[in-house]
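In case you want the letters, here they are:
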Amino acid sequence: MIRAYKFLMRPTVGQAQALSEMLRDHCSLYNGALQERRDAYRHVSKTSIKYGMQSAQLKEIRAFDPERQGRWPFSSQQATLRRLDKAFAGFFRRVKSGETPGYPRFRGVNWFDTVDFPKDGDGCRWDATPHDPTTRVRFQGVGHVKVNRHRPVVGKVKTVSVKREGKRWYVVLTAEQAEPEPLPVTGSVVGIDMGIANFLADSNGGFVPNPRHGRRAAAKLEAAQQALSRCKRRSNRRRKAVRKVADLHRRVRRQRLDHAHKTALDLVRQHDFIAHEDLRIRSMLKAPVPKPDPGRPGVFLPNGAAAKAGLNKSINDAGWGVFLTILAGKAESAGREVIAVDPRNTSRTCPPCGHIAPENRPTQDTFHCVACGHTAHADTVGATNVLRAGLVRRNARQG
């Protein structure tokens, strides 16, 4: 089992400058490799450059520029070239599937914030001073950087990454762990229905309120972004305004993650089996198709785009995808079972009689079966049907 850990680093002024230079030089390597691929394909020969060809050039690049490219570990530079190769692989995969993806783009220095080290001990060393009570991570070309290790790292560290977020520096680890001890069996099963008014409803009639972190911070974000738009480019005032906007977004993101972790942990501790809707969030966020007016060329009919934009904003603010990912990880660690089921008609099906009709849900919150008269909260009905479908899938899988 692989688990990730993220810790805040506390570099000195000199170490912070060296970390910035490391990001700058890896960004330069990324952009240079991208330019080589573009130029080779634009040539009349239509040459395709692969990762292996560019990796073989690293020895010459490091010898030609020892003060910059030669300063950093060979393996981290290979990881940067693999990142570019992965971007091209994703681009061609989406082209083949009929999508219209954007071509891999050059990165600005401020848009290249991560450097990966594929192996602990190759250019980096986690917990480089085990005899010292203060944890330190060592990077080639940077030195021993203090780390605020707020929890123990379990297992063998496999990879190490440096990540910059605004003014802060983080080290991200992946560790290989043995299978953890499962939590005690509770005998409880539950289905959950994700929503906007409530973050989720469960099949037992419980609700988790939607904190709406993004909406609560919207006024401050709007004011900070307006202040940013009034700043001149390449000025100290603009840099401060950019930092303020980034800090506000970071705070909202961390609040959303905290809420997702706590909610998922409560579910995993209380239930042995959890069923949820198999949501296709990316498809749910697509904009409505424009409706041309047949009588007036160049004019479009109302298609609900404004309302859909507001709904998309609420979905993003709820963070369903992040929550479901965290839930799956915690369930795996706790020995719980999580199953995703088809969400179609879960909120239109009557649990007692099985009647399916759009009229069963007259309002967003109300469920009233037109066949048997059963009345309940629509989200609770959805969660109940999700649980039933999940149990059917589990029994079919076991049988």
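Note that the structure is predicted; figures quoted are calculated from it, not measured.

Caption draft 1: Fine view of the nonpolar core. Within the largest apolar cluster, 36 residues are counted, with the highest numbers of intra-cluster contacts made by M9, W126, F139, V171 and L173. Residue assignment for this core shows that the elements contributing at least two residues are β1 (2-10), α1 (13-42), α4 (74-96), β2 (114-117), β4 (136-139), β5 (143-148), β6 (156-165) and β7 (168-176). With nine residues, α1 is the single largest residue contributor to this core. Here V171 is in contact with Y5, K6, F7, M9, W126, F139, V147, V160 and S161, once residues within four sequence places are set aside.

Caption draft 2: Up close: the layout of surface pockets. Here the largest pocket is characterised by a volume of approximately 1500 Å³. Forming the boundary of the largest pocket are 37 residues, of which A4, K6, R151, H261 and K330 lie nearest the centre. The biggest single contributor to the lining of the largest pocket is helix α7 (residues 236-270), with 11 residues. By volume, the second largest pocket is sized at about 980 Å³. Lining the second largest pocket are 20 residues, with N110, G166, V242, R243 and A246 sitting closest to its centre. Those elements that place two or more of their residues in the lining of the second largest pocket are β6 and α7. Partitioned by chemical class, the residues of the lining of the second largest pocket number four nonpolar, five polar and 11 charged.

Caption draft 3: Highlighting the pairing of β1. Where β1 and β7 come together, eight bridges link them in antiparallel fashion. In the strand pairing of β7, R3 is matched with A175. Here β1 runs beside β5; their pairing, made up of three bridges, is antiparallel. Across the sheet, residue M9 finds its bridge partner in β5, namely V147.

Caption draft 4: Geometry of a positive patch on the surface. The grouping of K167, R168, R239, K240, R243 and R254 at the surface amounts to a positive patch. A per-element tally of the positive patch places α7 first, with four residues. Position of R239 relative to the elements: it lies in helix α7.

Caption draft 5: The arrangement of the pattern of salt bridges in detail. Here the structure, examined in full by the defined rule, presents 21 salt bridges. Of the charged contacts in the structure, one is a salt bridge between K262 and D258, with a shortest N-O distance of 3.2 Å. Placement of both K262 and D258 in helix α7 is noted, with a separation of four residues, approximately one turn of the helix. According to the relative accessible area criterion, K262 is exposed, its value standing at 51%. Three or more residues joined by partner-sharing salt bridges are found here, namely K6, E165, D247, R250 and R253.

Conventions and cut-offs
- Residues numbered from 1 in each chain as written.
- Predicted model: local features only at pLDDT ≥ 70, side-chain atom pairs only at ≥ 80, totals over all residues.
- Heavy atoms only, no water.
- Core = buried A, V, L, I, M, F, W, Y, C linked by side-chain atoms within 4.5 Å.
- Buried < 20%, exposed > 50% of the residue type's maximum accessible area, 1.4 Å probe, protein only.
- Helix = DSSP H or I, 4+ residues; strand = E, 2+ residues; numbered from the N terminus.
- Contact = heavy atoms within 4.5 Å.
- 1 Å grid on protein atoms, 1.4 Å probe; cavity = no way out; pocket = protein on both sides within 12 Å on 5 of 7 lines; lining within 4 Å.
- Points joined across faces, edges and corners; volume = space filled by probe spheres on them.
- Nonpolar A, V, L, I, M, F, W, Y, C, P; charged D, E, K, R; others polar.
- Pairing = 2+ DSSP bridges.
- Patch = residues over 30% accessible without salt bridge, like charges linked within 9 Å, V, L, I, M, F, W, Y side chains within 5 Å.
- Areas by Shrake-Rupley, 256 points an atom, 1.4 Å probe, with all protein chains shown as cover.
- Salt bridge = Lys/Arg side-chain N within 4 Å of Asp/Glu carboxyl O.
- Lys, Arg positive; Asp, Glu negative; His and termini not counted.
- Charge placed at Lys NZ, Arg CZ, Asp CG, Glu CD.

Keep in mind that these numbers describe shape and distance, not what the molecule does.
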